[in-house]
Amino acid sequence: MIKQLLIIFSTLLLPSACMLRSGVKTRIKKRAQEEIKQSLGNQAQTYKLLGISDVDSAFGKNYYTKAEVQGIMLMMEKITQTIMHRTNNMKTFNPDDQFVMNLAERQMVAIDSISRMTIQSEQKGAWSGWKVKVDYLALDRAGKEYRAERWMFFDKHGKQVEHSFELPLP
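Definitions and cut-offs
Residues numbered from 1 in each chain as written. Predicted model: local features only at pLDDT ≥ 70, side-chain atom pairs only at ≥ 80, totals over all residues. Heavy atoms only, no water. Axes fitted to C-alpha atoms, helices over the stretch in contact; angles between N-to-C directions. Helix = DSSP H or I, 4+ residues; strand = E, 2+ residues; numbered from the N terminus. Parallel < 35°, antiparallel > 145°, perpendicular 65-115°, else oblique. Left-handed = near helix turned anticlockwise from the far one by under 90°. Contact = heavy atoms within 4.5 Å. Nonpolar A, V, L, I, M, F, W, Y, C, P; charged D, E, K, R; others polar. Phe/Tyr/Trp six-rings, centres within 6.5 Å; stacked < 30°, edge-to-face > 60°. Buried < 20%, exposed > 50% of the residue type's maximum accessible area, 1.4 Å probe, protein only.

Another aspect to go through is the packing of helix H2 (residues 66-86) against helix H3 (residues 98-119). Where H2 meets H3, the closest approach of the two axes is 11 Å, and the angle between their N-to-C directions is 155°. Comparing their axes, H3 and H2 come out roughly antiparallel. Taken as a pair, H2 and H3 cross one another with a handedness that is left-handed. In this structure, H2 uses Ile72, Met73, Met76, Ile79, Thr80, Thr82, Ile83 and Arg86 to contact H3, whose residues at the interface are Phe99, Val100, Leu103, Ala104, Gln107, Ala110, Ile111, Ile114 and Met117. Taken together, the residues of the contact of H2 with H3 sort by class into 13 nonpolar, three polar and one charged.

Following this line, the structure appears as structure tokens:
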């Protein structure tokens, strides 16, 4: 009898828990895009969503899976290759090339975040909230188009961004 009640109870509770989690994930995706637009300030109208990852569980704001770290490092390598190609391995470097200068500046900011990330790296801990990645296109201060990927870590309720960083995309 107790076993049957548990089965009935879990059958009724599981769909509502999934719907609740789905609502949190939808809110996170919406908040993530709003957060990017706010950070762009006057350039917010140039924002164009390229893609958004599934919302995933986070286990600390400084814990990254091996695959995530490898993906970040691969992205930085592609950015370096783009700069080197455009400047002919720095033989034809032109400080007036806004594309190269903006990409290099955004890469340096990202490398600073990555350095802090690896120094503060922690072991996988208890569930701490949610994370999502947003790929987007926007215009920089000089009016040049750029692509970026913003990682955002939300609290357990999906209401507040607790940590974020941005990677330039080639």
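Read on, since the account is not over.
Here the focus is the packing of aromatic side chains. Applying the stated rule across the entire model yields four aromatic pairs. Judged by centre distance (6.2 Å) and plane angle (75°), the ring pair of Tyr136 and Tyr146 falls under edge-to-face. Residue Tyr136 is found in strand E3 (residues 129-139), and its partner Tyr146 is found in strand E4 (residues 145-154); the two are separated by ten residues along the sequence. Comparing Tyr136 with Tyr146 shows no difference in burial state: the two are buried. Measuring from centroid to centroid gives 5.5 Å for Trp151 and Phe165, while their planes differ by 20°, and the two rings are stacked. Remark: Phe165 occurs in strand E5 (residues 161-169) and Trp151 occurs in strand E4; sequence separation between them is 14 residues. Judged by relative accessible area, which is 3%, Trp151 ranks as buried. Among the residues examined, Phe165 registers a relative accessible area of 6% and is labelled buried. Every member of this aromatic cluster is reached through a ring pair, and the members are Tyr47, Tyr136 and Tyr146.

Honestly, that's just the spatial picture; any functional story needs more than this.
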